[in-house]
Amino acid sequence: MGATRRAGRGCVAIWRRCAAGHSEGASSKSARRAGGSAASAASAAAAHGPTPPPHLAAPADPVSQPAAAPASRPAMSLSGASERSVPATKIEITVSCRNLLDLDTFSKSDPMVVLYTQSRASQEWREFGRTEVIDNTLNPDFVRKFVLDYFFEEKQNLRFDVYNVDSRTNISKPDIATMQLCANKLDKKDFFGKSDPFLVFYRSNEDGTFTICHKTEVVKNTLNPVWQPFSIPVRVLCNGDYDRTVKIDVYDWDRDGSHDFIGEFTTSYRELSKAQNQFTVYEVLNPRKKCKKKKYVNSGTVTLLSFSVDSEFTFVDYIKGGTQLNFTVAIDFTASNGNPLQPTSLHYMSPYQLSAYAMALKAVGEIIQDYDSDKLFPAYGFGAKLPPEGRISHQFPLNNNDEDPTCAGIEGVLESYFQSLRTVQLYGPTCFAPVINQVARGHGFKPWSRKIPHAVEQLSPCATTTEPTCHNY
């Protein structure tokens, strides 16, 4: 491997399903920096950071499989935190580079991109995955993708390092299939009764083995059971291969766990999906009985009564479809918050830190603002006496502009909040229904906007209500 050199021009395009990041990194002894900076438009922030991994041996084969966290540590979220029980949406990031520096003497650069995630706790950068190496190009379009966990409520930083390696040793939507089956004239297995049948579904593997993927409930004492409808992800059933063999075994349940084998049949996702228009009947066969009995026909039949497939749309799918969040702020200026000049007040403006209201607004707003393209946020106050005549208002714009109550970004909202705090008199009662109703009606809040939902940040110690009532405290 050659000596490391850092390049100073070029660009990296991060094609993402919803979020990405931008960065520039450090150097390495085993590869030479091909150059460039990364550009994106998500909530991930720019960062400069730590030393790259001790060596940069490229992946053995540049296949189009999503890059994932190394097996030596737990799966990582975008923030670098260990895998947790909170449900997360998967996003896919594709990387392309343009106009990289040519660091090879007799050919063009052989670029590779390394993705790092940043831990929220320690701020440490950790390698998440790498693309394949593409030979002799300054404009690579990498096939290998990065699949990461996306958490809406977090600011998730990414860093993309681009290297020149001198030598080297399609997410589908989570479709859900729902089906119902019944059986007819199954073999009798119980001495004092009939049978207690249930089904076991297996997905075939590339090596000829089978992996269990679903069990139905047991239907007691019948040879003609009707099982309840059940749902299963299509990926679990066939791993994306619609013609992959699906084997279904029929058993008679026994209390001691030694369930009796009744028979089996095979099908595929493609064949199952035909039942959307018609019933499909399968013969249940027992290979041992078939070998022993010449007149053996079958051990019953199983009928697929219904089959349907639905797509589970995630928050990321809606964002990809153009949904934006229309963020509105309403701040409580009632006297119950305490004197703003006293440290006990929620409005207290310390020279060393923000007030409780400002911290809450900043924490929520910095996440929400990236889902609003114009970043213009209506901001109101309620429960105060307004100068100069001392009129009590429960719906006044923080920026003093009745025609356009919007503020530019969260910093604009904070600036208007601080200005209002210096001019209005905290009073009461606590009555935030006018602001809630205004947002619900959609009046006065960017009427030209096509944004779908409203995210209302009610900065008040009281519960929200849509009833036009006021409360005295």
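Rules used throughout
Residues numbered from 1 in each chain as written. Predicted model: local features only at pLDDT ≥ 70, side-chain atom pairs only at ≥ 80, totals over all residues. Heavy atoms only, no water. Helix = DSSP H or I, 4+ residues; strand = E, 2+ residues; numbered from the N terminus. Buried < 20%, exposed > 50% of the residue type's maximum accessible area, 1.4 Å probe, protein only. Areas by Shrake-Rupley, 256 points an atom, 1.4 Å probe, with all protein chains shown as cover. Pairing = 2+ DSSP bridges. Axes fitted to C-alpha atoms, helices over the stretch in contact; angles between N-to-C directions. Polar contact = N/O pair within 3.5 Å; in protein donor to acceptor, adjacent residues only side chain to side chain. Contact = heavy atoms within 4.5 Å. Expected span 1.5 Å × (residues − 1). pLDDT = per-residue confidence, 0-100.

**With respect to the overall build of the chain**
Then, number 1: The number of helices and strands found in the chain is 7 helices and 24 strands.
Then, number 2: Scored against the burial criterion, the 473 residues of the chain give a buried share of 48%.
Then, number 3: Total accessible area on the chain is roughly 24200 Å²; 51% of this is exposed by carbon and sulfur atoms.

**Regarding the sheet that holds strand 12 (residues 230–233)**
Then, number 1: Taken in spatial order, the 4 strands line up as 12-9-16-15 in an open sheet, and their pairing is antiparallel. Two strands in the sheet have a free side with no partner beyond their single neighbour: strand 12 and strand 15 (280–283). Within this sheet the neighbouring strands show an average axis-to-axis angle of 35 degrees, counted without direction.
Then, number 2: Relative to strand 12, strand 9 (residues 175–184) runs antiparallel, the two being bridged by 4 bridges. Across the sheet, residue Met 179 finds its bridge partner in strand 12, namely Phe 230.

**Overview of helix 7 (residues 433–441)**
Then, number 1: Every buried residue of helix 7 is accounted for by Ala 433, Val 435, Ile 436, Asn 437, Gln 438 and Val 439.
Then, number 2: Two residues or fewer past helix 7, Gly 442 is found with a positive phi of approximately 75 degrees.

**A closer look at unusual backbone geometry**
Then, number 1: Cis peptide bonds are those with omega within 30 degrees of zero, and the linkage from Pro 387 to Pro 388 qualifies with 0 degrees.
Then, number 2: Tracing the backbone through its elements, the reader meets Pro 388 in the loop between strand 19 (384–386) and strand 20 (391–393).
Then, number 3: In this structure, the amide linkage connecting Gly 428 to the following residue, Pro 429, adopts the cis form with an omega of -5 degrees.
Then, number 4: With respect to the element layout, Pro 429 can be found in the loop between strand 23 (425–426) and helix 7.
Then, number 5: Even without being glycine, Asn 136 reaches a positive phi, approximately 50 degrees.
Then, number 6: Relative to the helices and strands, Asn 136 resides in the loop between strand 6 (125–130) and strand 7 (146–150).
Then, number 7: Of the residues examined, Asn 136 reaches a relative accessible area of 44% and is grouped as partly exposed.

**Quick look at the sheet that holds strand 13 (residues 245–252)**
Then, number 1: The strand order across the open sheet built from 4 strands is 11-10-13-14, with neighbouring strands paired in antiparallel fashion. Two strands close off the open sheet at either side, each with one partner strand: strand 11 (210–215) and strand 14 (260–268). When strand polarity is set aside, the average angle formed by the axes of neighbouring strands in this sheet is 30 degrees.
Then, number 2: Pairing between strand 10 (residues 197–204) and strand 13: 7 bridges, direction antiparallel. Note that in strand 13 the partner of Tyr 202 across the bridge is Lys 247.

**Structural notes on the side chain of Ser 109**
Then, number 1: Mapped onto the secondary structure, Ser 109 falls in the loop between strand 4 (89–98) and strand 5 (111–118).
Then, number 2: Of the polar contacts made by the side chain of Ser 109, one reaches the backbone oxygen of Leu 101; its length is 2.8 Å.
Then, number 3: Once you skip the residues sitting within four places of it in the chain, Ser 109 turns out to touch Leu 101, Asp 102, Leu 103, Asp 104, Ile 134, Asp 135, Asn 136, Thr 137, Leu 138 and Asn 164.

**Quick word on the side chain of Thr 89**
Then, number 1: Topologically, Thr 89 is positioned in strand 4.
Then, number 2: Excluding anything up to four places from it in sequence, Thr 89 contacts Leu 148, Asp 149, Tyr 150, Thr 314 and Val 316.

**Comments concerning the pairing of strand 5**
Then, number 1: Across the 8 residues that make up strand 5, a large majority, 8, are buried.
Then, number 2: In this structure, strand 5 lies alongside strand 8 (residues 158–164), joined through 7 bridges in antiparallel fashion. Within strand 8, the residue paired with Thr 117 across the bridge is Leu 158.
Then, number 3: Both strand 5 and strand 6 contribute to a ladder of 5 bridges, which runs antiparallel. Bridged to Gln 118 within strand 6 is Trp 125.

**Points about helix 5 (residues 356–368)**
Since there are 3.6 residues in each turn of an α-helix, residues three or four apart along the chain are aligned in direction.
Then, number 1: With 13 residues, helix 5 ought to run about 18 Å at 1.5 Å a step, and its terminal C-alpha atoms sit 18 Å apart, in line with that.
Then, number 2: Among the residues of helix 5, Tyr 357, Ala 358, Leu 361, Gly 365, Ile 367 and Ile 368 are the ones counted as buried.

**Some details on the confidence of the model for the chain**
Then, number 1: Confidence in the prediction of the chain, expressed as mean pLDDT, is 77, and 73% of residues score 70 or more.
Then, number 2: Averaged pLDDT values over the elements of the chain bottom out at 36 in strand 3 (residues 37–39) and peak at 96 in strand 13.
Then, number 3: Here residues 17–83 scores under 50 on pLDDT; set against residues more than four positions off or in separate chains, the count is 218 contacts.
Then, number 4: Within the model, the stretch residues 168–172 combines pLDDT values under 50 with 11 contacts to residues more than four positions away or in other chains.

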